[in-house]
Amino acid sequence: MAEPRVIPLTDQRHAASLPSAPVQPPSGLLTDTRGRPLRDLRISVTDRCNFRCSYCMPKDVFGKDYPYLPHSALLSFEEITRLAQQFLAHGVRKIRLTGGEPLLRKNIEALIAQLAQLRTVDGTPPELTLTTNGALLARKAHALKEAGLTRVTVSLDALDDAVFRHMNDVDFPVADVLAGIAAAQEAGLHGLKVNMVVKRGTNDHEIVPMAQHFRGTGIALRFIEYMDVGATNGWRMDEVLPSAQVIARLQEQLPLVPLEPSAPGETAQRWGWANASGQHDATLGEIGLISSVTQAFCHECNRARLSTEGRMYLCLFAGQGYDLRALLRGGASDEALASAIAAIWQGRADRYSALRASLSGEVGSGARRIEMSYIGG
């Protein structure tokens, strides 16, 4: 008989001590101990979600009594914008708003409008993106575009309605997510992406139908290996379908050709749909494979994460973050904030995915890692 799964009542939101940081002006050339630059900032704006996907916020943990953060603990839009400005000064070029479900954050359009006024070290607006489950996208798409959002990524794990309702565990219909995607396209949010988390034995039979549906639509479908994020999703390696097998299944039905990365540090391996002559047909679009379990990309990771309550995390699999909110609310100057961010990043050595196989069962189980709904995906 399998041993029962032990789930903590709350995730462990550890705070690390801030490293000493002599004030120094940012140069936009910040690197960590492995020479990785800081280019991408992911900001979780809420730890709440209206779905209960088993791989992220399982219902048996995140029930009606779960202790979510009080509103006073969340960073205000002004605090988020002020911190984002310091990250941009260090070289960040893309900002992604996540959650939880970011569209649950009231007046999220106002935050997007504030961030859209910021500039990178090159004097250009940052790329502003948002990841959503799509439930509220149909009613929000136009406002998001008008506020300055560049692009949206929608999480969708199946086209089959019964499978999708089972996976989101709140009986939400797939048709409403597809309507949100259509609304985003109509609003002019170009370069849409759809993320499918693949769990062997749960939705892997949906790989080809999903590819067929989005092929030629201008939407890039990305297949994500089921990851050992957090402490509550009951992750098992035998439920991971390696990306190599995803490609093999697709190639049996539809021809694909490998594509070059579109940017340094890109998480997805790109494949393009091929025409009859075996060449990439841009009108058919492309897919992506995010393979953090079987093909670690830690060596190129250029992402920092800012949690809902203002802690800076250096890895999706981190066990603790650095409390920037305390500096903000303690009266720190912009120079002091920028110096703290620099000191944290310069000490970064994280490469969990590259070391996963060599870690002990206790460490590898995720028992002390932060939940993805809090840190942002």
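Note that the coordinates shown come from a computational prediction; the quantities given were computed from them, not determined experimentally.

(A) Representation of the environment of R200. Inspection of the secondary structure puts R200 in the loop between β6 (193-198) and α6 (207-214). Linking R200 and M237, residues 37 residues apart in sequence, is a C-alpha distance of 9.7 Å. Setting aside chain neighbours within four positions, we find R200 in contact with D238, E239, V240, L241, P242 and Q245. A polar contact of 3.3 Å, which involves the side chain of R200, links it to the backbone oxygen of V240.

(B) Region of the structure containing the packing of helix α1 (residues 77-89) against helix α2 (residues 108-116). Where α1 meets α2, the closest approach of the two axes is 10 Å, and the angle between their N-to-C directions is 30°. On the basis of the axis angle, α1 is roughly parallel to α2. The crossing of α1 and α2 is right-handed. Contacts between α1 and α2 involve F77, E78, I80, T81 and A84 from the former and I108, A110, L111, Q114 and L115 from the latter.

(C) Molecular detail of unusual backbone geometry. Following G99, the chain continues to G100 via a peptide bond in cis, the omega torsion being 20°. For G100, the location among the structural elements is in the loop between β3 (94-98) and α2. Although it is not a glycine, D169 sits at a positive phi angle of roughly 60°. Structurally, D169 can be placed in the loop between α4 (161-168) and α5 (174-187). Look at D169 and you get partly exposed, because its relative accessible area is 32%. Positive phi is not limited to glycine here, since D171 has a value of about 60°.

Cut-offs used in this document
Residues numbered from 1 in each chain as written. Predicted model: local features only at pLDDT ≥ 70, side-chain atom pairs only at ≥ 80, totals over all residues. Heavy atoms only, no water. Helix = DSSP H or I, 4+ residues; strand = E, 2+ residues; numbered from the N terminus. Contact = heavy atoms within 4.5 Å. Polar contact = N/O pair within 3.5 Å; in protein donor to acceptor, adjacent residues only side chain to side chain. Axes fitted to C-alpha atoms, helices over the stretch in contact; angles between N-to-C directions. Parallel < 35°, antiparallel > 145°, perpendicular 65-115°, else oblique. Left-handed = near helix turned anticlockwise from the far one by under 90°. Buried < 20%, exposed > 50% of the residue type's maximum accessible area, 1.4 Å probe, protein only.

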